[in-house]
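Inside the fold
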Amino acid sequence: MEPAMNRLLLRLVLFCAALACLAGPARAALDPALLAGFHGDFSSRVAAIEALGVAGGDDARRVLAALEEGNLGVVGERVLIVDGDTVRDAATGEAAEVAAADVDLITVNNRVRRALSAAHAALSLLAGERGERLAAAQNLSENASETLLPLFERALAAEKDEAVRGVLTRAMAKVNLGAANPAKRLQAAEALGESSDPAVKNMLAVLLQKNGDTWAEPDIAVRTAAEASIAAIDRRVATAQHIGTVFSGLSLGSILLLAALGLAITYGVMGIINMAHGELLMVGAYATFMVQTLFRSYLPGWLDWYVVAAIPVAFFAAALVGVAMERLVLRHLYGRPLESLLATWGLSLVLIQAMRIIVGPQNVELANPSWMSGGIELAAGVVLPWNRIVIIGFAVFVLVLIWLTMQKTRLGMFVRAVTQNRPMAGCVGVPTARVDTLAFAIGAGIAGLGGLALSQIANVGPAMGQGYIVDSFMVVVLGGVGQLAGAVWAALGLGIVSKFLEGWAGAVIAKILVLVFIIVFIQKRPQGIFALKGRFADS
Amino acid sequence: MRTPFTVRLIQSMPRGGWIALAIFALVAWVGIPFAHLALPESHPLHVSAYTVSLLGKILCYMVVAVAMDLIWGYAGILSLGHGLFFALGGYAFGMYLMRQIGRDGSYGADLPDFMVFLDWKELPWYWGGSDSFAWALFLAVAAPGLIAFVFGYFAFRSRIKGVYFSIITQALTYAAMLLFFRNETGFGGNNGFTDFKRILGYAITSPEMRTLLFALSALLLMACLVLGRYLVTSRFGRVLAAIRDAESRVMFIGYNPLHYKLFMWTLSAMLCGLAGALYVPQVGIINPSEMSPANSIEIAVWVAVGGRGTLVGAVLGAGIVNLLKSWATVSFPEYWPFFLGFLFIAVTLYLPDGVVGLWRKLRAGRKAAPVAEQPLHTPPPGSTTDPLPEGATAPQHAAPATAAKGAAA
Amino acid sequence: MSAVTELERPDAADRENWDGGANTGHPVRPGELDLSHNVILYLDDISVSFDGFRALNKLSLTIDAGELRCIIGPNGAGKTTMMDVITGKTRPDSGKAYFGQTLDLTRMTEPQIAHAGIGRKFQKPTIFEHHTAFENLELAMKADKRVRRSLFAALSDDERDRIAEVLRRIRLDREADRLAGLLSHGQKQWLEIGMLLMQEPRLLLLDEPVAGMTDDETERTAELFVSLAGSHSLMVVEHDMAFVEALGGKVTVLCEGSVLAEGDLATVQADPRVIEVYLGR
């Protein structure tokens, strides 16, 4: 009991000293009372470090830095900083008449180190940049104790930033939950409802535990508030997770969209189902890989931007393969959709095997550029990765580009004309054969862009396209033939629905459910979401 | 007077067809069993165990090809999911084979090894009755039949046709493959079923059992051919072909295409299931990769290579491609996918009627022979996937030209 | 034989299936055509629109049993859409369509309607090109058209005679075994009419039946139709005024999806509104 009491007393003294420091004007030297703790055992030293952190100021910073470097020591009643051969008084900074060798240096163990980092946090909470302050606040709130309350109050008074204020308020509430005063506890329980951290929820849940007949929290009002706050946290966590799911659905949808857009164009224009479309994705991804390899060898300084340079490369590589396919094979299969299925499947076999032999059967490695790694943390455990955000943006960009091409250019007009009525378009002088080739090249190029996007989030290997072909066909089926808007809705819808189902039932069951959903959906709307109605929609 | 049914059954096949069947039966039931069982291995005419199993396997493939041709060649419905029905039949019979292993598995337990491995304590409910041979056979037909029926009912009812139907069947088999890959599904996951020991208590690897399975496969193939021939020459077959060519006309003269397609589709799936049930004991393994979309689409290529719309074409195609495959995957495995891919392309571009069509063309070149079966490389008029809208002012179909081409082939 | 007769027995459940859509609300002899008021086709206030375009606009029309009615009207008047509604291909947005007194056409499927006795000839001849002319007629023949029956169906001598008779009537008896796809355009038209006859319908819908026919063929077609009237009801859509005149029946003029005028040809041709539609603007 004795030592414990002593420590408590000591702490109190230190706090009074710290408070005195805060209250008074800035002074040149530290209050020696603040440093008194360093004479004691580890516990009192830790208390002293905390107190220094709370007190703040350049002098405190200096002392702490010295401690961290192992240069702080004691001789008798004095606390000294050893600086090479000179020895200074820690409180005043004046040189002391003590030999460096005589100073009994304070050893830094783990406990001290923890306390130091907290003290540093406390220091930067008051003086750092916004990011530093936020990190410091989060750091401190994890091990918050009553000793930090004054610091929090002081920081809160000066703090303008909402995020930091939020963290601070919650940290204070957390401390106050253990307060003896029920009103304080109530206030704290209410304030914690603002959090979206599952850890905070656990903390509140402790209050609601019942031990025999006694509640962990005796006051009913506090318990009610805690319950309400838990519900609020649950809601917020659920919302964050939903947003996360919608987001990953969107990013899957973007990939599906990039894969399906090309498919929709080629099917709309030529009535040919291109089973080798997935391999065009693969070509785009390998083109990206090639660009990355070139950048590594020749432009290592610009490596972060290889993805941007790969955009045209992936597009044209896939478009070139597409044109070759169209010229050599597909051209001869117009009006024979079922056979075109088989021939293009054959093409895909050839392309996959060719890539296996040329590059090798293993997956190749593509690195995200640094600006695409990391992400935005929405809530604890829910992160929106940058690469996926970029992909969504990229899909939007491609979509806009296609829309402009289709609506505003002569080629787009021709493509639309051929889609609607090939013989009539031919009759009025549209060069249908050239339009076919160009449309196919565009469709293939978009698939190449899809491959580029895919290479940033998935494995790149010769058979990578196979996994996406069924899904992108589903998008075309669902969206309706030749319907840009249909493809967009179908891709995003499928992406989001799959992700939600995945969270609920696992990936395989989700796939099966989506398939069943599509079959049921087609029962109702055989022509897809955006069906053309009327006698011309016959089929 | 109506002609009696049995007479019509016999008349449905020309005499040459029956003779060919008889020769085939003689070879499959007498020649090969004799050459395998009676002749010593050193004898030049001895047929090895490997060859018997290989031929038996190909016979099963031929049955699948006939089933595929009935639905694709005659009803114009291209299924890219027939591998699913084949595999389901195989799995159904495989369950029985797994139970026949008894305690001879590596864990010596009553349950199949993979269940012991997963720490399961009892058989899942759907394994009930799997120790009965009759139930296994029933399941091998009923499971694919039921799935085909339910799927077909919804698909045909909403008039899903052409490539849409094909793609959805592909998605179906793809989804099933993913499902069977899961260990929790209860069919051995990745590895599927293997290490079979017995059928009806007799060792599965004995020469007699091997020969019996081969002979049964031959019997199934012949039964399929007779049944198929009868179907396509009956009024049912004519309605089916009419649906392929002009579905709306068929509806307006009072047939319900849904029922016709559904019947053929389900029957086709059931035949595949039977073939799968005979296939599994002969190759000794069944795993989810049988359900991969690639396998199903390969079935379509067998039929295309042989010549769709002719039953003999389906049989020939399955034989040619699979013999080539078993030779090529050993001799130059690297290049087999190239070869298969180019085969897909070449057949659709240059041999729309397959080898049967080619043979006919060559024969017709020498003398103008009447055409027994109608080759089908012309798309049906008003093809459902025609990208052109079928409007009132749409130009006339080049029907006489295409039909003339068909007749001349 | 015994197997066949066993299968011939009509199955109660299946009959129900065929006629199920037809008997809603009319328990009197379900599935049977009821001509008690001497009206075979009754269209009332039918509207159909496609994406805002009104193909039929409150169309009302009745056809009496045994009548031969000609429908004329400019392009886009809604003639083909009207036939689509009658045969169940298009569902009207509003309005009633009855076959006889009891059969609600808007609730029946195409095969059910065909079975009830409405035959349709398309504007573009649609026949089974990979079947012979004979087989085309055989398929169209009035019979039990369920799968089970078709599996075991064999032609009786009577049925052969009937097909032969129709072949003579449409003058294709010498082409019986030719593939239908190889027939001339006019012959295809006739074959399609023959298929209609084989169906033994009560009401025939004929969409431009003489398009592409020679004058001689046209004349014979008119004779055939006139001879059919009385025992059948016919609705003929035609642009050829000489043909309409030869048929001689009542004429209905459709315009913009509704009936503009009705009466005999002379009256209709004298109607100023009709002249306005055809010649005006």
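What you are looking at is a predicted structure, and each value in this text was computed from that prediction instead of being measured.

This next bit is on the overall build of chain C. Within chain C, the secondary structure is distributed over 12 helices and 10 strands. Partitioning the contacts of chain C with sequence separation of at least 6, the portion at a separation of at least 24 is 69%. Approximately 12000 Å² of chain C is accessible, and the part contributed by carbon and sulfur atoms is 47%.

This part covers a negative patch on the surface. A cluster of acidic residues, Asp-157, Asp-158, Asp-161 and Glu-165 of chain C, forms a negative patch on the protein surface. Among the secondary structure elements, Asp-161 of chain C is positioned in helix H7 (residues 157–169).

The subject of this paragraph is the confidence of the model for chain B. When pLDDT is averaged along chain B, the result is 85, and 89% of the positions lie at 70 or above. pLDDT under 50 marks residues 369–409 of chain B. Its contacts with residues more than four places away, or in other chains, come to 84 contacts.

Once that is clear, we can look at the sheet that holds strand S1 (residues 72–75) of chain A. Strand pairing in a sheet is mediated by backbone hydrogen bonds. Such pairs are either parallel or antiparallel. Residues and elements named next belong to chain A. Sheet architecture is open: 4 strands sit in the order S3-S2-S1-S4, paired in antiparallel fashion. Looking at strand neighbours, the two that pair on one side only are strand S3 (86–89) and strand S4 (104–105), the edges of this open sheet. In terms of strand pairing, S1 meets S4 through 2 bridges, oriented antiparallel. Residue pairing in the sheet places Val-74 in a bridge with Asp-104 of S4.

All names here are of chain B. Residue position: Gly-237 is located in helix H9 (residues 235–245). Taking C-alpha positions, Gly-237 is 8.4 Å from Ala-75, a pair spaced 162 residues apart along the chain. Setting aside residues no more than four positions away along its own chain, Gly-237 makes contact with Leu-231 and Val-232.

Note on backbone geometry: most residues besides glycine have negative phi, and most peptide bonds are trans. Residues and elements named next belong to chain B. For Asp-119, which is not a glycine, the phi torsion comes out positive at approximately 70°. One non-glycine residue, Asp-195, adopts positive backbone phi at about 60°. Locating Asp-195 in the fold gives a position in the loop between strand S1 (193–194) and strand S2 (198–199). You can call Asp-195 exposed: its relative accessible area is 53%.

Right, let's talk about the packing of helix H8 (residues 162–176) of chain A against helix H9 (residues 182–192) of chain A for a bit. All names here are of chain A. Interhelical geometry of H8 versus H9 gives an angle of 140° and a closest axis separation of 8 Å. With respect to their mutual orientation, H8 and H9 come out oblique. H8 and H9 meet at a crossing whose hand is left-handed. Counting all contacts with H8, which are made through Arg-170, Ala-173, Lys-174 and Asn-176, the residues of H9 involved are Lys-184, Arg-185, Ala-188, Ala-191 and Leu-192. Residue composition of the contact of H8 with H9, grouped by class: 4 nonpolar, 1 polar and 4 charged.

Next up on the list: the packing of aromatic side chains. Under the definition given, this model contains 39 aromatic pairs over all chains. Centroid distance Phe-236 of chain B to Phe-263 of chain B: 5.2 Å. Interplanar angle 75°. Geometry classified as edge-to-face. Here Phe-236 of chain B, found in helix H9, pairs with Phe-263 of chain B, found in helix H11 (residues 257–283); they are 27 residues apart in sequence, far enough to count as distant. Looking at Phe-236 of chain B, the relative accessible area reads 0%, which means it is buried. Note on Phe-263 of chain B: relative accessible area 30%, which makes it partly exposed. Arg-120 of chain C extends its terminal NZ or CZ atom over the ring of Phe-252 of chain B, reaching a point 5.5 Å from the ring centre. Here Lys-145 of chain C stacks its cationic end above the ring of Tyr-255 of chain B, 5.1 Å away from the centre of that ring.

Residue and element names in this part refer to chain C. Spatially, the 4 strands line up as an open sheet ordered S2-S1-S4-S5, and their pairing is antiparallel. Two strands bound the open sheet, and with one partner strand each, they are strand S2 (53–64) and strand S5 (103–104). As defined by bridge partners, strand S1 (residues 39–50) adjoins S2 across 8 bridges and the pair is classed as antiparallel. Within the sheet, the bridge partner assigned to Ser-49 lies in S2 and is Arg-54. Against the sheet, helix H3 (residues 79–86) makes contact with S1 and S2, and its axis sits at roughly 115° relative to S1, the strand it touches most.

On the chain B side, the residues contacting the 50 residues of chain A number 56 residues. For the pair chain A and chain B, the summed buried area comes to about 4600 Å², and 75% of that belongs to carbon and sulfur atoms. Taken together, the connections running from chain A to chain B amount to 1 salt bridge. One can count 2 residue pairs in polar contact (both at pLDDT 80 or more) joining chain A with chain B. Within the residue set of the side of chain A that touches chain B, elements represented by two or more residues are helix H11 (220–270), helix H14 (337–358), helix H16 (410–420), helix H17 (422–427), helix H19 (466–479) and helix H21 (507–524) of chain A. Of all the elements, H14 of chain A adds the most residues to the side of chain A that touches chain B, at 14 residues. Classifying every residue of the side of chain A that touches chain B gives 32 nonpolar, 12 polar and 6 charged.

Moving on to the pattern of salt bridges. One pass over the structure, following the stated rule, counts 26 salt bridges over all chains. Lys-511 of chain A serves as the salt-bridge partner of Asp-471 of chain A, at 3.5 Å between the closest nitrogen and oxygen. On the criterion of sequence distance, the pair formed by Asp-471 of chain A in helix H19 and Lys-511 of chain A in helix H21 is long-range, its members being 40 residues apart. The partly exposed category is assigned to Lys-511 of chain A, whose relative accessible area is 30%. The partner of Glu-502 of chain A in a salt bridge is Lys-499 of chain A, and the shortest N-O contact between them spans 3.4 Å. Separated by 3 residues within a single helix, Glu-502 of chain A and Lys-499 of chain A lie in helix H20 (residues 484–505), roughly one turn from each other. Judged by relative accessible area, which is 21%, Lys-499 of chain A ranks as partly exposed. A network of salt bridges, in which partner residues are shared, links Glu-67, Arg-69, Lys-250 and Glu-262 of chain C.

The next thing to look at is the environment of Ala-171 of chain A. All names here are of chain A. Relative to the assigned elements, Ala-171 resides in helix H8. Residue Ala-171 is classed as buried on the basis of its relative accessible area, which comes to 1%. Taking the C-alpha atoms as reference points, Ala-171 and Gln-138, 33 residues apart in sequence, are found 8.3 Å from one another. Setting aside anything within four residues of it in sequence, one finds Ala-171 in contact with Ser-141, Ala-144 and Phe-152.

Residue and element names in this part refer to chain B. Feature annotation in UniProt places "transmembrane region" (unreviewed entry) on residues 18–39, 45–64, 71–93, 133–156, 163–181, 212–232, 299–323 and 335–352, given in this structure's numbering. Between the end C-alpha atoms of residues 163–181 the distance is 27 Å, and the span holds 100% helix and 0% strand. What you have in residues 299–323 is 84% helix and 0% strand, and the ends, taken at the C-alpha atoms, are 14 Å apart.

Further remarks concern the pairing of S1 of chain A. Residues and elements named next belong to chain A. Note: S1 against strand S2 (residues 78–83), 4 bridges, orientation antiparallel. Each bridged residue has a counterpart across the sheet, and for Val-74 the counterpart in S2 is Val-79. What sits between the antiparallel neighbours S1 and S2 is a turn of 2 residues, in which Gly-76 has the positive phi angle 60°.

For the rest of this paragraph, the subject is helix H5 (residues 133–140) of chain C. Within H5 of chain C, 7 of the 8 residues are buried, which leaves it mostly tucked inside the rest of the structure. Packed against the buried residues of H5 of chain C are H9 of chain B together with H7 and helix H8 (185–199) of chain C.

Rules used throughout
- Residues numbered from 1 in each chain as written.
- Chains lettered and ligands numbered in written order.
- Predicted model: local features only at pLDDT ≥ 70, side-chain atom pairs only at ≥ 80, totals over all residues.
- Heavy atoms only, no water.
- Helix = DSSP H or I, 4+ residues; strand = E, 2+ residues; numbered from the N terminus.
- Contact = heavy atoms within 4.5 Å.
- Areas by Shrake-Rupley, 256 points an atom, 1.4 Å probe, with all protein chains shown as cover.
- Patch = residues over 30% accessible without salt bridge, like charges linked within 9 Å, V, L, I, M, F, W, Y side chains within 5 Å.
- Salt bridge = Lys/Arg side-chain N within 4 Å of Asp/Glu carboxyl O.
- Lys, Arg positive; Asp, Glu negative; His and termini not counted.
- Charge placed at Lys NZ, Arg CZ, Asp CG, Glu CD.
- pLDDT = per-residue confidence, 0-100.
- Pairing = 2+ DSSP bridges.
- Buried < 20%, exposed > 50% of the residue type's maximum accessible area, 1.4 Å probe, protein only.
- Axes fitted to C-alpha atoms, helices over the stretch in contact; angles between N-to-C directions.
- Parallel < 35°, antiparallel > 145°, perpendicular 65-115°, else oblique.
- Left-handed = near helix turned anticlockwise from the far one by under 90°.
- Nonpolar A, V, L, I, M, F, W, Y, C, P; charged D, E, K, R; others polar.
- Phe/Tyr/Trp six-rings, centres within 6.5 Å; stacked < 30°, edge-to-face > 60°.
- Lys NZ or Arg CZ within 6 Å of the ring centre and 35° of its normal.
- Buried area = accessible area lost by both parts, 1.4 Å probe.
- Polar contact = N/O pair within 3.5 Å; in protein donor to acceptor, adjacent residues only side chain to side chain.
- UniProt positions renumbered as here; feature names shortened; annotations may be inferred.

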